[in-house]
Every structure is written in structure tokens, then in C-alpha cells.
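Chain residues, written in single-letter form:
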Amino acid sequence: MTDKIFRWIGLISTIGLGSLLIMGFPGSQIMANHVENLSPDFIKGVDISMLFEVEANGGKFYDNGIEKDALQILKDYGVNWIRVRIWNDPTDENGKPLGAGNCDYIKMTELARRAKTLGMKVLVDFHYSDWWADPGKQNKPDSWKNLEGASLANAVADFTYEVLKYMEDNDALPDMVQLGNEVNNGFLWPDGKIAGEGGFDSFVTLFNAGAQAVRKISKDTKIALHLAEGGNSDLFEWFLGNVTTRGIDFDVIGISYYPYWHGTLEELKSNLNNIEKYGKEIAIFETAYAWTLEDADGHPNIFGPDMEITGGYKATPRGQATAIREIMEAVAQVTSGRGLGIFYWEGCWIPVKGAGWKFGEGNPWENQALFDFKGHALPSLRVFNLIYEEDYIEPELREIISPLNIKISLGESPALPEKIKILFSDDSIRSLPVKWEHIEEEFLTSPGEFQVEAEGRIKFAYSGKI
């Protein structure tokens, strides 16, 4: 039996679209349209936790070819907050640094002080661990490994207070503090593990111990609860519903949302508007996107070619800027008006030997920084200022990128897709609904070529051939 094979034959026409002149190398000229409902103090933040280590190993930063302080460059491009993570003791049993910034509170206080001097605000991220903490691992600091119950809660309170007091004494008191990092399954395992014996009760007790220390230092410093998987409404509903009924003390819901991991932009928007019912302010605490698929140091990067389709943007400075803009817009349009803003994760993590994700290893993140491999500010940084400008350019359709691999036997009808993926001139990749014309039976029962058209925002066709 002979099969018919369907392939794209391309765009036939576009409907009602403007045009855009794009100059320079592919993806270098960014598009960032005005975002409505932006408050003057909307958070345009960048996590800079790796910066101390990058600079200590010789990393330098440039704007228009002129060497400058990285924080000054960020401020010049509209960034008004920075974020730093704090690990309790990021060393091994021999006192050797673990790497990934070696983010103890002394180093992070210095970064925070520099930001404060420039008039920027500061978010501190307590991991309550000696190294990386995330939904898959929440290890206690080694010095707390034998503590439990009230002793562990006291350790949380004391460490939180001591760090914040040190920061206050060094002109670096944070404006916001998150207690734990991506605590989807709690922190300080096993004691504060949601799936553990103490469950939500133990987690809230430990969290509130830290919150009490923050309130003791400053009544003005906001306290945040940080969860990953920003497009997962069920997770947020489950977690927030449980902790709020147990009297947890916090002001801000912080969210990790990486478009290539955490769902579509529509799923993020839905979740943001759902959780506003808890009466808390809302911010994206972590997000990022690639500006290139190239690698600088031979260490495999987290963002690879397959993530462009999943993430929804090309890996170009233009695609990176569009991703940032659309995520800021999603937060700005939270229906309650409680959307505070976003933090871009590790925007200054350029490839410098000695500043890898782990001691002795490389950088998996350099193609998602806001600077190129040599430390030059990327065009995408302009997005933080451009979102306030009134100009608007309608993105133009560029090409169909949906893969097509449909085979049918004679007499069968093809299962044609209800949506197709289209690359736009802002380097976003969007799924558009289409409506197919009826396929006459004679085309499916006899050899030859034929064309099937569809219309939506675009008009295009498949060709079938025996």
C-alpha cells in the first residue's frame, strides 16, 4: 500500500501585518514594546551572586567598549534591584571552597553594599545550606546536622539575625529577604521536609523562626517565600493553601520561572492571577534565557538547541530581550496590582576560569548571562528601559518552524495540527491556531500531488505526494 507524505511548502501570505527593518547580525537589534501598568518602582532586578568570584578571577565588564563596574552598567540600563544568595559555610571538610561563587555572607554583604551605594535595592536569598539548595536537595548546613526541634529553630533565628545585623552594620541592610530557596518540598531536610515526618508544621515553625529574626532587625524589610515551577498552579495552590492556614509569616510570593522548564507564558499568567487571592505581593525571583547557542569554555551549557522550541524564543539577544519583556509584562498585569517585578538570574556570570558552578569546573550559564563572553553588555539589557517607552511595533511573521512528519495510507485522512509554531520578528516562537480546508476524497484515494490550505492569522499549505 502506498503512503502519502506531507511536508511544509511554506507561507503563502500574511494578513494585516506591519513591517520591521532589522539591521546588524541576526538577533542583535532588539524589540521591546511598552508595557502597561508599570509602577515607577517596578522591580527590574538581577541576581549577581557570582560577581564577586568573577571579578576575583579577573573578569571585567564593558559598555560600548568602555570598561566599567558591572553594577554601574546594570544601573545605567535600568536595573534597580540586585539579589544575592547566602550559604552558611561553602567549604569542604578541609576548608577548601566549594565554588559557584563561594557565597558566604561576608562576600555577599560587599556586593550588597556596592549596590546600595548606587541607590539600588537588595534581596537576600538565605539557602540555609552550605551549598546549592533547590527542590531536589535541601541539605542542612554541616554545623547544624545534629540539631533538631527547638535547637534547629534557634539556629535558624540566630544565623538569620547575625547575618542581617552584619549587613546593617556595613550599610547593606536588605530591603527584602527570602527564607529558603525554591522550597517546593521544604528546606533543612529532613526536619523541614514537607514529605517528612513533621510535614508542613515543621517547615512553618522553622520558617517563622527566620521571619522573627528579620522582624527583629527591621520592620521595613519584606519577607518572601520562594517556590519554583511558576507555571504549575496546582503546586502553588497546594503549598500556599497549607502554609497560610498554619500561620506562616511572609509578605511576598517569590517564583522561579524559566520558560524552557516551567510551563508556557499563559500557564504562568494563570498561576499569577490565581495566587493573588492570598493577598501577598508577587515577584519572579528567578528567570533567564539564552542569547546564543555557542559555548565559551568547553563546559556543557544548560541551555541547548532543543530548548528554543520549548522555551518559546530564539537564542539571540533579541529573543532574550523578548522573553524578559513578556515575563515582566505578565507580572505587571497581575489583576490585583500586586505584581512587584522580576529578578534575572546570574546576569553577570561570564566565562572566567575559576568562576565555575563547582570548584575546578566550568560555567554552564555563560550563554544566559546579560553580557557576552568577553564581558560586553548585550543589546538585550536595553529591555529594562525600553519597556517604559511608548513606541509599539507589531512583530512580523518570519517562518513556520513546526516540524512535519505525517504519513498516511491511501484512503486515510491526515491528522493535521490544530496549532503551528511560527517564528516572529521579535524572535519569539508562538503557537497559532489554524483552520484547515476540507480535503476532497479524491486526493486521498489516488496517486498524485495536492495542496491543503489553512487560514488563521496566516495562510499556508501542506503538500501531499504519493
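Residues numbered from 1 in each chain as written. Predicted model: local features only at pLDDT ≥ 70, side-chain atom pairs only at ≥ 80, totals over all residues. Heavy atoms only, no water.

Novice: Lay out the overall build of the chain with the relevant residues and their values.
Specialist: Within the chain, the secondary structure is distributed over eleven helices and 20 strands. Looking at the chain as a whole, 55% of its 466 residues qualify as buried. Pairs at least 24 apart in sequence give 75% of the contacts found in the chain among residues at least 6 apart. Just so you have it, the chain exposes about 19800 Å², and 47% of that area is on carbon and sulfur atoms. (Helix = DSSP H or I, 4+ residues; strand = E, 2+ residues; numbered from the N terminus. Buried < 20%, exposed > 50% of the residue type's maximum accessible area, 1.4 Å probe, protein only. Contact = heavy atoms within 4.5 Å. Areas by Shrake-Rupley, 256 points an atom, 1.4 Å probe, with all protein chains shown as cover.)

Novice: Residue-level account of helix α6 (residues 233–244), with values.
Specialist: Residues separated by three or four positions in an α-helix point in the same direction, a consequence of the helix having 3.6 residues per turn. Here α6 contains twelve residues, and its C-alpha end-to-end distance of 16 Å stays within 8% of the 16 Å for a straight helix at 1.5 Å per residue. Residues of α6 that are buried include every one of L235, F236, F239, L240 and V243, and no others. The buried side chains of α6 occupy one side of the element, clustering within an arc of 105° when seen end-on. Packing partners of the buried residues in α6 comprise α5 (199–217), β10 (222–227), β11 (252–256) and α7 (265–275). (Expected span 1.5 Å × (residues − 1). Arc of directions from axis to C-beta.)

Novice: Which residues make up the pattern of salt bridges, and what are the values?
Specialist: Applying the stated criterion across every chain yields a total of 28 salt bridges. Taking the shortest distance from any N to any O, the salt bridge between D134 and K137 comes out at 2.5 Å. Linked by salt bridges that have partners in common, D47, R83, D125 and E286 make up one network. (Salt bridge = Lys/Arg side-chain N within 4 Å of Asp/Glu carboxyl O.)

Novice: Give a detailed account of the sheet that holds strand β13 (residues 339–344), specifying residues and quantitative values.
Specialist: Overall, parallel pairing links the eight strands, which are arranged β2-β5-β6-β7-β10-β11-β12-β13 in a closed barrel. Strand after strand, the sheet turns through a mean of 25° between neighbouring axes, direction not considered. Against the sheet, helix α3 (residues 105–117) engages β5 (81–86) and β6 (121–126), with an angle of about 175° to β5. (Pairing = 2+ DSSP bridges. Axes fitted to C-alpha atoms, helices over the stretch in contact; angles between N-to-C directions.)

Novice: Hey, could you go over the packing of α3 against helix α4 (residues 149–169) for me, with residue numbers and the actual values?
Specialist: It is at 10 Å that the axes of α3 and α4 come closest, and there the two elements cross at 40°. As summarised for this structure, α3 and α4 are arranged oblique, according to the angle between their axes. Both α3 and α4 take part in a crossing whose hand is right-handed. Where α3 approaches α4, its residues Y105, I106, T109 and A112 are matched on the opposing element by V163, Y166 and M167. Here the contact of α3 with α4 is composed, by residue class, of six nonpolar, one polar and no charged. (Parallel < 35°, antiparallel > 145°, perpendicular 65-115°, else oblique. Left-handed = near helix turned anticlockwise from the far one by under 90°. Nonpolar A, V, L, I, M, F, W, Y, C, P; charged D, E, K, R; others polar.)

Novice: Explain the environment of A296 to me, and be specific about the residues and the numbers.
Specialist: In this structure, A296 sits in the loop between β12 (281–287) and α8 (307–311). Overall, the relative accessible area of 39% leaves A296 in the partly exposed class. Sequence separation between A296 and P351 is 55 residues, and the spatial gap between their C-alpha atoms is 6.6 Å. If near-sequence neighbours (up to four positions away) are discounted, A296 is found in contact with P351, E366 and F373.

Novice: Just give me the short version of the packing of aromatic side chains, but keep the residues and values in it.
Specialist: Counting across every chain of the model gives 31 aromatic pairs. When the centroid spacing of 4.9 Å and the interplanar angle of 55° are considered together, the rings of F187 and F203 count as tilted. Linking F187 in strand β8 (residues 186–187) with F203 in helix α5, this pair joins segments that are 16 residues apart in sequence. You'll find F187 and F203 in the same group, each marked buried. Note on W238 and F239: the rings are 6.0 Å apart at their centroids and 75° apart in plane angle, and the pair reads as edge-to-face. F239 gets classed as buried once you look at its relative accessible area, which sits at 0%. Across the ring face of W189, the terminal group of K193 is positioned such that the distance to the ring centre comes to 4.4 Å. For K216, the ring lying beneath its charged end belongs to Y161, and the centroid distance is 4.9 Å. (Phe/Tyr/Trp six-rings, centres within 6.5 Å; stacked < 30°, edge-to-face > 60°. Lys NZ or Arg CZ within 6 Å of the ring centre and 35° of its normal.)

Novice: Account for the sheet that holds strand β14 (residues 397–400), with residues named and values stated.
Specialist: With antiparallel pairing, three strands are arranged side by side in an open sheet as β14-β16-β17. Strands at the two margins of the open sheet, each flanked by one partner only, are β14 and β17 (429–433). Taken over all neighbouring pairs, the strand axes of this sheet differ in orientation by 45° on average, direction set aside.

Novice: For unusual backbone geometry, give the residues involved together with the corresponding values.
Specialist: Put simply, W189 and P190 share a cis peptide bond, and its omega is 5°. Following the sequence through the fold, P190 ends up in the loop between β8 and β9 (192–193). Look at A100: it is not a glycine, yet its phi comes out positive at around 60°. Assignment of secondary structure puts A100 in the loop between β5 and α3.

Novice: Give a description of the pairing of β10 that names residues and reports values.
Specialist: With respect to burial, β10 is a largely interior element, five of its six residues being buried. Relative to β10, strand β7 (residues 176–179) runs parallel, the two being bridged by three bridges. Note on β10: the bridge partner recorded for Q178 is A224. Chirality of the crossover, the property in question, places the unit of β10, α6 and β11 among those that are right-handed. (Right-handed = clockwise from strand over helix to strand, strands pointing away.)

Novice: Go over the confidence of the model for the chain with me, naming the residues and quoting the values.
Specialist: Overall, the predicted model of the chain reaches an average pLDDT of 89, with 88% of residues at or above 70. Below a pLDDT of 50 lies the segment residues 1–26, which in the model reaches 84 contacts outside its immediate sequence neighbourhood of four places, other chains included. (pLDDT = per-residue confidence, 0-100.)

Novice: A description of the environment of K358 should follow, citing residues and the corresponding values.
Specialist: Inspection of the secondary structure assignment puts K358 in the loop between β13 and α10 (383–386). By relative accessible area, which is 35% here, K358 ends up partly exposed. When the C-alpha positions of K358 and N102 are compared, they lie 9.2 Å apart, and in sequence the two are 256 residues distant. For K358, the contacting residues outside a window of four places in its chain are L98, G99, A100 and W131.

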